[in-house]
Amino acid sequence: MEKERETLQAWKERVEQELDRVVAFWTEHSHDQEHGGFFTCLGRDGKVYDDLKYVWLQGRQVWMYCHLYRKFERFRRPELLESAKAGGEFLLRCARVAPPGKKCAFVLTRDGRPVKVQRTIFSECFYIMAMNELWRVTGEARYQSEAVEMMDQIVHWVQKDPVGLGRPWLSGAPASESMAVPMVLLNLVDQLGEADKEMTSKYAELGDWCAQRILQHVQRDGQAVLENVSEDGKELPGCLGRHQNAGHALEAGWFLLRHATRKGDPELRAYVIDKFLLLPFRSGWDPDHGGLLYFQDVDGLCPTQLEWAMKLWWPHSEAMIAFLMGYRDSGDPALLHLFYQVAEYTFRKFRDPEHGEWFGYLNRDGTVALTIKGGPFKGCFHVPRCLAMCEEMLDALLSR
């Protein structure tokens, strides 16, 4: 028992130090002092190689800064909050393509002009996270109004009428559902409902709906989690139906664990640990080189995605959160040992001891494929969120 506490303490210190280094990288290199918002296309040493701004990543970094400011005494620094507010104001000014319409851009120029729009809900989801967290740290009601208005628009698009997304109806396209949609909505239910009885009540039914839709992705008599299923929860034909994404399954797993805790449902917790933590890990962990394969085909056929065998930063970040949360909630030591296994691989392979932050893209053998620290999809989010959540959970475990 004493040896276990020593290991937990060592990991807490390791994670805490790494969080400080990661945040320092972004505060030093990513702030746009002229227009507000953040540069995310950063090379290994933090040099900006493209000044396009990706709305997903703008919202995520605002959320991350506010979350750190709110949850950690050492990050309660005025300059962090001011940078978050500048990023939030940049989003308020520029994120929407055609105000008063709600649709947000995917890419903006440095000064905020729209470049590209995605026909999905994800830019809007990270806009909501940013606005809600800004409200929590500033108390300014206008941020919360933005968050709730956009949330209600997204729910309308997803559950009632997707026309506003601009996606054409095509007669040959299968009526499919990606796990990403109910996943991100469930995370928003948790975000908006934190310590807020009114929002918890408002979105309780939506949370249940999201959980039910995610659970439909458990297929093959409970032996596989598939990324895409039909709208009525059946397996789809072809590559689309056979597609597996272990990182998404693990991330959905810890979203569902929080939902099970809110519901006081130990049976759901046990099911989630089995199907969304252990199952994806067993199928997704590379037996030859370690690490999680990015994509797989459930029938063992060759995936069509060129990057399928790469190792990416975010699935490993999500796995660290999922296994530590699973251990915290269940007490099963096997989950703690899986946390150690994933964390050791992740710190050894992704971490850059010379320039800070983590590499995002590794080859199958764990060598660095891309030296960039940020780009169109990697910003100040998965790594610091993982480290912050793991630090909090390790601290709670050591306090028991």
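In this text the structure is predicted, and so the values were computed from the model without any measurement.

Conventions adopted
- Residues numbered from 1 in each chain as written.
- Predicted model: local features only at pLDDT ≥ 70, side-chain atom pairs only at ≥ 80, totals over all residues.
- Heavy atoms only, no water.
- Helix = DSSP H or I, 4+ residues; strand = E, 2+ residues; numbered from the N terminus.
- Buried < 20%, exposed > 50% of the residue type's maximum accessible area, 1.4 Å probe, protein only.
- Contact = heavy atoms within 4.5 Å.
- Areas by Shrake-Rupley, 256 points an atom, 1.4 Å probe, with all protein chains shown as cover.
- Lys, Arg positive; Asp, Glu negative; His and termini not counted.
- Charge placed at Lys NZ, Arg CZ, Asp CG, Glu CD.
- Core = buried A, V, L, I, M, F, W, Y, C linked by side-chain atoms within 4.5 Å.
- Salt bridge = Lys/Arg side-chain N within 4 Å of Asp/Glu carboxyl O.
- Domains from an automatic or database assignment.
- Buried area = accessible area lost by both parts, 1.4 Å probe.
- Polar contact = N/O pair within 3.5 Å; in protein donor to acceptor, adjacent residues only side chain to side chain.
- Pairing = 2+ DSSP bridges.
- Expected span 1.5 Å × (residues − 1).
- Phe/Tyr/Trp six-rings, centres within 6.5 Å; stacked < 30°, edge-to-face > 60°.
- Axes fitted to C-alpha atoms, helices over the stretch in contact; angles between N-to-C directions.
- Parallel < 35°, antiparallel > 145°, perpendicular 65-115°, else oblique.
- Left-handed = near helix turned anticlockwise from the far one by under 90°.
- Nonpolar A, V, L, I, M, F, W, Y, C, P; charged D, E, K, R; others polar.

1. Some words on the overall build of the chain
Phase 1 of the analysis: Scanning the chain from N- to C-terminus turns up 14 helices and 14 strands.
Phase 2 of the analysis: Each principal axis of the C-alpha distribution contributes one length, and for the chain these read about 55 × 50 × 45 Å.
Phase 3 of the analysis: Here the chain, with 400 residues, has 57% of them falling under the buried criterion.
Phase 4 of the analysis: For the chain, restricting intrachain contacts to residue pairs at least 6 apart in sequence, the fraction spanning at least 24 positions comes to 66%.
Phase 5 of the analysis: Of the roughly 16,700 Å² of accessible surface on the chain, 52% is carried by carbon and sulfur atoms.
Phase 6 of the analysis: Averaging the positions of the 49 positive and the 57 negative side-chain charges in the chain gives two centres separated by 1 Å.

2. With respect to the nonpolar core
Phase 1 of the analysis: Formed by 133 residues in total, the largest nonpolar core has its most connected members in Leu68, Ile121, Met151, Phe276, Leu277, Phe323 and Phe339.
Phase 2 of the analysis: Excluding its chain neighbours within four sequence positions, the residues that come into contact with Phe323 are Leu250, Leu277, Leu278, Phe281, Leu335, Leu338, Phe339 and Val342.

3. Digging into the pattern of salt bridges
Phase 1 of the analysis: In this structure the tally under the stated criterion is 39 salt bridges.
Phase 2 of the analysis: Between Glu344 and Arg14 there is a salt bridge, with its nearest N and O atoms 3.6 Å apart. On the criterion of sequence distance, the pair formed by Glu344 in helix α13 (residues 333-349) and Arg14 in helix α1 (residues 2-29) is long-range, its members being 330 residues apart.
Phase 3 of the analysis: The class for Glu344 is partly exposed, based on a relative accessible area of 35%.
Phase 4 of the analysis: Using a relative accessible area of 32% as the deciding quantity, one classes Arg14 as partly exposed.
Phase 5 of the analysis: Two residues, Asp20 and Arg74, come together in a salt bridge whose shortest N-O distance is 2.7 Å. Here Asp20, found in helix α1, pairs with Arg74, found in the loop between α2 (55-71) and α3 (78-94); they are 54 residues apart in sequence, far enough to count as distant.
Phase 6 of the analysis: Residue class for Asp20 comes out partly exposed when judged on its relative accessible area of 33%.
Phase 7 of the analysis: Several salt bridges share partner residues, and in doing so they unite Asp32, Glu34, Lys53 and Arg110 into one network.

4. Some details on the domain arrangement of the chain
Phase 1 of the analysis: Assigned domains of the chain: these are domain 1 (1-30 + 175-399) and domain 2 (35-164).
Phase 2 of the analysis: Taking the mean C-alpha position of each, domain 1 and domain 2 sit 22 Å from one another.
Phase 3 of the analysis: If you look at the interface, domain 1 gives 47 residues, while domain 2 gives 48 residues.
Phase 4 of the analysis: Approximately 4,000 Å² of surface area, both sides summed, lies buried where domain 1 meets domain 2, with 64% of it carried by carbon and sulfur atoms.
Phase 5 of the analysis: The interface formed by domain 1 and domain 2 holds seven salt bridges in total.
Phase 6 of the analysis: Here domain 1 is connected to domain 2 by 22 residue pairs in polar contact (both at pLDDT 80 or more).
Phase 7 of the analysis: When residues of the side of domain 1 that touches domain 2 are traced back to their parent elements, those giving at least two are α1, α6 (180-193), α7 (197-202), α8 (204-215) and α14 (382-398).

5. Some words on the side chain of Gln191
Phase 1 of the analysis: Along the polypeptide, Gln191 turns up in helix α6.
Phase 2 of the analysis: If we skip the residues at most four places from it in the chain, Gln191 touches Trp63, Met129, Asn132, Glu133 and Arg136.

6. Here we look at the sheet that holds strand β14 (residues 368-370)
Phase 1 of the analysis: The three strands are arranged β12-β13-β14 in an open sheet whose pairing can be described as antiparallel. A strand with exactly one partner marks an edge of an open sheet, and here the two such strands are β12 (311-312) and β14.
Phase 2 of the analysis: The sheet contact formed by β12 and strand β13 (residues 361-362) spans two bridges and is antiparallel. Across the sheet, Lys311 pairs through a bridge with Leu362, a residue of β13.

7. Section: α13
Phase 1 of the analysis: End to end, α13 covers 25 Å across 17 residues, agreeing with the expected 24 Å (1.5 Å per residue, within 8%).
Phase 2 of the analysis: Taken residue by residue, α13 has Leu335, Leu336, Leu338, Phe339, Tyr340, Val342, Ala343, Tyr345, Thr346 and Phe347 as its buried positions.
Phase 3 of the analysis: On its buried face, α13 is in contact with α1, α11 (266-284), β12, α12 (313-330), β13 and α14.
Phase 4 of the analysis: Where α13 begins, the capping side chain belongs to Asp332, and its oxygen is found 3.0 Å from the backbone nitrogen of Ala334.

8. Let's talk about the packing of aromatic side chains
Any two aromatic rings considered together are summarised by their centre-to-centre distance and by the angle between their planes.
Phase 1 of the analysis: Scanning the entire structure with this criterion turns up 23 aromatic pairs.
Phase 2 of the analysis: Centroid distance Trp11 to Phe347: 5.2 Å. Interplanar angle 90 degrees. Geometry classified as edge-to-face. Of this pair, Trp11 sits in helix α1 while Phe347 sits in helix α13, and the two are 336 residues apart along the sequence.
Phase 3 of the analysis: Classification of Trp11 as buried rests on a relative accessible area of 4%.
Phase 4 of the analysis: Ring geometry for Phe25 versus Trp26: centroids 5.7 Å apart, planes at 80 degrees, classification edge-to-face. Across the pair, Trp26 and Phe25 agree in class, each one buried.

9. With respect to the sheet that holds strand β3 (residues 53-54)
Phase 1 of the analysis: The strand order across the open sheet formed by three strands is β3-β4-β5, and the pairing between neighbours is antiparallel. For this open sheet the edge positions go to β3 and β5 (114-116), each flanked by a neighbour on one side alone.
Phase 2 of the analysis: With two bridges connecting them, β3 and strand β4 (residues 107-108) associate as antiparallel partners. Bridge pairing in β4 places Tyr54 opposite Val107.

10. Looking at the packing of α1 against α2
Any two packed helices are characterised by how steeply their axes cross, that is the angle between the axes, and by the distance between the axes.
Phase 1 of the analysis: Viewed as axis vectors pointing N to C, α1 and α2 meet at an angle of 130 degrees, and their least axial separation amounts to 13 Å. One way to sum up the angle between α1 and α2 is to call them oblique. Where α1 crosses over α2, the two elements pack in a sense that is left-handed. Where α1 approaches α2, its residues Leu19, Val23, Trp26 and Thr27 are matched on the opposing element by Gln61, Tyr65 and Leu68.
Phase 2 of the analysis: For the contact of α1 with α2, the residue count by class is five nonpolar, two polar and no charged.

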